[in-house]
Structures are given as structure tokens and as C-alpha cells.
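A closer look at the structure
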Amino acid sequence: MKGFKNMKKIVAVLVLALVAMTAVFAAVNENADQLTISLNVDAVTTVGFTKVPLDSSAASLDALTSDTVEAGKNYTVYASYITTSKTPVTVTVTVEDNLVHETVKTEKIAITKPATMTFNETGDITGKRANSFEIVLGIGSDANKLAGTYSANVNFSVTAE
């Protein structure tokens, strides 16, 4: 019986040691820390009016800031963009109705334009891409108009969905 009592003591000590070791491993380590970092890349979009359309391989665009037109002719320009947006983009172009004389604001030359100048991107939306939309403006006649410079603004914006 003495061996059985010793065996019980040994088992009891082992059980206590196991419980104590479990508590040590389960204890919170207050000297530990964790750092999580993340990177959010916003889309980069470059826009501009160009004289020639861009294709998908375009790396940059040579944008116009102003141009001279001829009366009685059509003026063609491209609303061009390069984007890394992960969603489709919408291109919107707005044109004033008239070229207006620089000093005599009542002197105007009409501009005809496409009925709609909003274009929604379609197709696969993958990675960096470039595109252009042709805008043809009809410039009215300058017959019997006051000499001077006439101008109008054409605005172009690209928005992501």
C-alpha cells in the first residue's frame, strides 16, 4: 500500500505541475505588441484635350490649354484621359453656346455641338488604361461680325463610379 500512496503523491505533484504550467502558458504577455500596416492606393487620373486620340498604350498626354479655330469650319478635339481607377469612369464635356467677343460681350458666333457629351467607360476595367472621345464643334460664320478675338470655354471632367 505504501507504493500506491507514493504513486498518488507523484501523480498529484504531476497534476499540480501541469496546472501550473498551463497557467503560465495561458497568461497574457504584457510585453508583446503587434503592428498592422496597410496601404490604400487611390486612383490616379490625368485628363486633357488633345489633338490626336490616345490609345491604350499611352503613357502620357500632351494636353491643349487653348487653340485657335476658323469661322465656318468644324473644330475637332479629343477629350482624353489616362486612369488607374478600378471602377468605370464617366467623361463629361460641356461647351458654351457661343464664342463671345473679348470686349463687346453682345457680339457672338454660334457653336454647334453634339447632343450628348457624356461618355461612360465600358469594357474590361483592368489596371492602367487610356482613352479618348472625339468632340466635333461647328464654328459659325464670322460674316458681318465685329473684328477682334472671340472665345469660349470647353470644360472636361472625368469621374469614377
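Residues numbered from 1 in each chain as written. Predicted model: local features only at pLDDT ≥ 70, side-chain atom pairs only at ≥ 80, totals over all residues. Heavy atoms only, no water.

Considerations on the nonpolar core
The condition that has to hold: Here, nonpolar core means buried Ala, Val, Leu, Ile, Met, Phe, Trp, Tyr and Cys residues that are tied together by side-chain atoms lying within 4.5 Å of each other. Per-residue accessibility, obtained with a 1.4 Å probe over protein chains only, is compared with the maximum for each type, and a residue is labelled buried under 20%, exposed over 50%, and partly exposed between these values. Contacts: residue pairs with any heavy atoms within 4.5 Å of one another.
Counting 21 residues, the largest nonpolar core has Val-91, Val-93, Ile-135 and Phe-156 as its most contacted members. Among residues more than four places away in sequence, those in contact with Val-93 are Phe-49, Ala-79, Met-117, Ile-135, Val-154, Asn-155 and Phe-156. Counting residues in each nonpolar core, the second largest holds 5 residues, with Leu-54, Ala-58, Ile-82 and Ala-130 among its members.

Some thoughts on unusual backbone geometry
Phi at Asn-144 is positive, roughly 60°, even though this residue is not glycine. We classify Asn-144 as exposed; its relative accessible area is 81%.

Here's the deal with the packing of aromatic side chains
What counts here: Between 30 and 60 degrees the pair is tilted, below 30 it is stacked and above 60 it is edge-to-face, where a pair is any two Phe, Tyr or Trp rings, Trp via its six-membered ring, whose centres lie within 6.5 Å. Here a helix means four or more residues in a row that DSSP labels H or I, a strand means two or more in a row labelled E, and each is numbered from the N terminus.
One pass over the structure, following the stated rule, counts 3 aromatic pairs. An angle of 5° between the planes, with centres 4.6 Å apart, marks the rings of Phe-119 and Phe-133 as stacked. Taken together, the residues Phe-119 in strand 6 (residues 118–120) and Phe-133 in strand 7 (residues 129–139) connect sequence positions 14 residues apart. You can call Phe-133 buried: its relative accessible area is 16%.

Details of the pairing of strand 5 (residues 108–112)
Applicable threshold: The rule for pairing is simple: two strands pair if DSSP sees at least two bridges between them.
Residues of strand 5 alternate between two faces, with Ile-109 and Ile-111 buried on one and Lys-108, Ala-110 and Thr-112 left unburied on the opposite face. Pairing of strand 4 (residues 98–101) with strand 5 involves 3 bridges; the strand directions are antiparallel. Residue pairing in the sheet places Asn-98 in a bridge with Ala-110 of strand 5. If you look at the hairpin formed by strand 4 and strand 5, you'll find 6 residues sitting between the two strands. Sheet analysis places strand 5 next to strand 7, joined by 2 bridges and oriented antiparallel. From the neighbouring strand, Ile-111 faces strand 7, where its bridge partner is Ile-139.

Description of the sheet that holds strand 8 (residues 150–151)
Here 6 strands make up an open sheet; going across it, the order is 1-2-7-5-4-8 and the pairing antiparallel. Either end of the sheet is taken by a strand with one partner, and the two such strands are strand 1 (45–50) and strand 8. Here strand 4 runs beside strand 8; their pairing, made up of 2 bridges, is antiparallel. Bridge pairing in strand 8 places Val-100 opposite Ser-151.

Observations regarding the pattern of salt bridges
Test applied: What makes a salt bridge here is a side-chain nitrogen of Lys or Arg within 4 Å of a carboxyl oxygen of Asp or Glu, nothing more.
In total, this model carries 3 salt bridges according to the counting rule given. Where Asp-67 meets Lys-51, a salt bridge forms, and the shortest distance between an N and an O atom there is 2.7 Å. Residue Asp-67 is located in the loop between strand 1 and strand 2 (74–83), and its partner Lys-51 is located in the loop between strand 1 and strand 2; the two are separated by 16 residues in the primary sequence. Residue classification places Lys-51 among the partly exposed residues on the basis of a relative accessible area of 43%. Here Glu-121 and Arg-129 are joined by a salt bridge, their closest N and O atoms 3.0 Å apart. Just as Glu-121 is buried, Arg-129 falls in that class too.

Here's the deal with the pairing of strand 3 (residues 89–95)
Along any regular strand the residues' side chains alternate between the sheet's two faces. Of all 7 residues making up strand 3, 5 are buried, and the element is well covered by its neighbours. Where strand 3 and strand 9 (residues 154–160) come together, 7 bridges link them in antiparallel fashion. Paired with Val-95 across the two strands is Val-154, which belongs to strand 9. Bridge count for strand 3 against strand 6 is 3 bridges, and the pairing is antiparallel.

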